[in-house]
Amino acid sequence: MVSTIVSELSENPLTIAATKQAILWGLLVLVPCLAFTGLSGYQIAGKAPRGLMLTKFKRMRVIGINGICILVPCAFFLAFRAAELKFGWPFYGIQFLELLAGSINLVLLGMNFRDGLRMSRSR
């Protein structure tokens, strides 16, 4: 999100295009990391999570759905449009959606981090 905002503030189309390409390549690392984090959480929680663990799992479902259904398709669309230097209203509309969905995921991940710290203190 920060790189998107900084590249937009530069007002340089080539910087924006390079940033969108870098974000797309970054998904190759980010998506497996988030999947691994979710799977390790399921292993720790067992078959019937309760309390904060259940709350964290519910948030992770929203984060995953948001990522797969909104963020990944947005990243592809924006990278392809930026590579063609097509920065019209569809580009900026999708970018707004991406920033909104990314902000929601960031808040939910922060809440999960906070609850994880609470859970580790109670052990």
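For the structure itself, look to the data block above.
For every chain, the first residue of the written sequence is number 1, and numbering continues from 1 onward in sequence order. Only residues with pLDDT of 70 or above have their local features reported here, since the model is predicted, and side-chain atom pairs are shown and tallied only from 80 upward, although totals for entire chains, interfaces and linings are computed over all residues. Water and hydrogen atoms were dropped before computing side-chain values, which therefore reflect all heavy atoms in the structure.

### Examining the environment of Gly38
Considering the arrangement of structural elements, one finds Gly38 in helix α2 (residues 13-45). Sequence spacing of Gly38 and Leu52 is 14 residues, and the spatial spacing of their C-alpha atoms is 15 Å. Numbering of helices and strands runs from the N terminus; a helix is a DSSP stretch of H or I covering at least four residues, while a strand is a stretch of E covering at least two.

### A few points about unusual backbone geometry
The residue Glu11 is not glycine, and still its phi comes out positive at about 60°. One can find Glu11 in the loop between α1 (2-10) and α2. With relative accessibility at 69%, the residue Glu11 sits in the exposed group. Of note in this structure, Leu85 is not a glycine but carries a positive phi near 55°. When you line up the elements, Leu85 lands in the loop between α3 (51-83) and α4 (89-121). Taking relative accessible area as the criterion, Leu85 reaches 45% and is therefore assigned partly exposed. Only protein chains enter the accessibility calculation, which uses a 1.4 Å probe. A residue is then buried if its area is under 20% of the maximum for its type, exposed if over 50%, and partly exposed in between.

### Considerations on the layout of surface pockets
When its volume is computed, the largest pocket comes out at roughly 780 Å³. Any residue with an atom within 4 Å of a point lines the site, the site being either a cavity, points on a 1 Å grid over the protein atoms alone where a 1.4 Å probe fits but cannot get out, or a pocket, an open set with protein on both sides within 12 Å along at least 5 of 7 lines. Surrounding the largest pocket, 27 residues form its lining, Leu30, Leu34, Gly67, Leu71 and Asn105 being those nearest its centre. Within the residue set of the lining of the largest pocket, elements represented by two or more residues are α2, α3 and α4. Take the lining of the largest pocket: its biggest share by element is 10 residues, from α2. Grid points are joined across faces, edges and corners, and a volume is the space filled by probe spheres set on the points. By volume, the second largest pocket is sized at about 330 Å³. If you list the elements that add at least two residues to the lining of the second largest pocket, you get α2, α3 and α4. When residues of the lining of the second largest pocket are assigned to their parent elements, the largest contribution, 7 residues, is made by α2. In this classification, Asp, Glu, Lys and Arg are treated as charged, Ala, Val, Leu, Ile, Met, Phe, Trp, Tyr, Cys and Pro as nonpolar, and every other residue, Gly included, as polar. Its residues assigned to classes, the lining of the second largest pocket comprises 8 nonpolar, 7 polar and 2 charged.

### A few points about the pattern of salt bridges
A pair is scored as a salt bridge if a Lys or Arg side-chain nitrogen falls within 4 Å of a carboxyl oxygen belonging to Asp or Glu. Taken as a whole, this structure holds 5 salt bridges when the rule is applied. Among the salt bridges present, the one from Glu84 reaches Lys86, with a minimum N-O distance of 3.5 Å. Members of the salt-bridge network, linked through shared partners, are Arg59, Arg114, Asp115 and Arg118.

### Remarks on the nonpolar core
Buried Ala, Val, Leu, Ile, Met, Phe, Trp, Tyr and Cys residues form a nonpolar core when they are joined through side-chain atoms within 4.5 Å. Of all hydrophobic cores here, the largest spans 5 residues; its members are Ile16, Ala17, Leu78, Ala82 and Phe91. Of all the elements in the fold, those that place two or more residues in this core are α2 and α3. Any two residues having at least one pair of non-hydrogen atoms within 4.5 Å are treated as being in contact. Sequence-distant contacts of Ile16, that is, excluding residues within four places in its chain, are made with Ser7, Glu8, Ala82, Phe87 and Phe91.

### Some words on α4
The end-to-end C-alpha separation of α4 is 48 Å, in line with the 48 Å expected for 33 residues at 1.5 Å each. Buried within α4 are the following residues: Phe91, Gln95, Glu98, Ala101, Gly102, Asn105, Leu108, Asn112, Asp115 and Met119. Elements in contact with the buried residues of α4: α1, α2 and α3. Under the convention used throughout, the expected extent of a helix is 1.5 Å for every residue step, that is, one less than its residue count.

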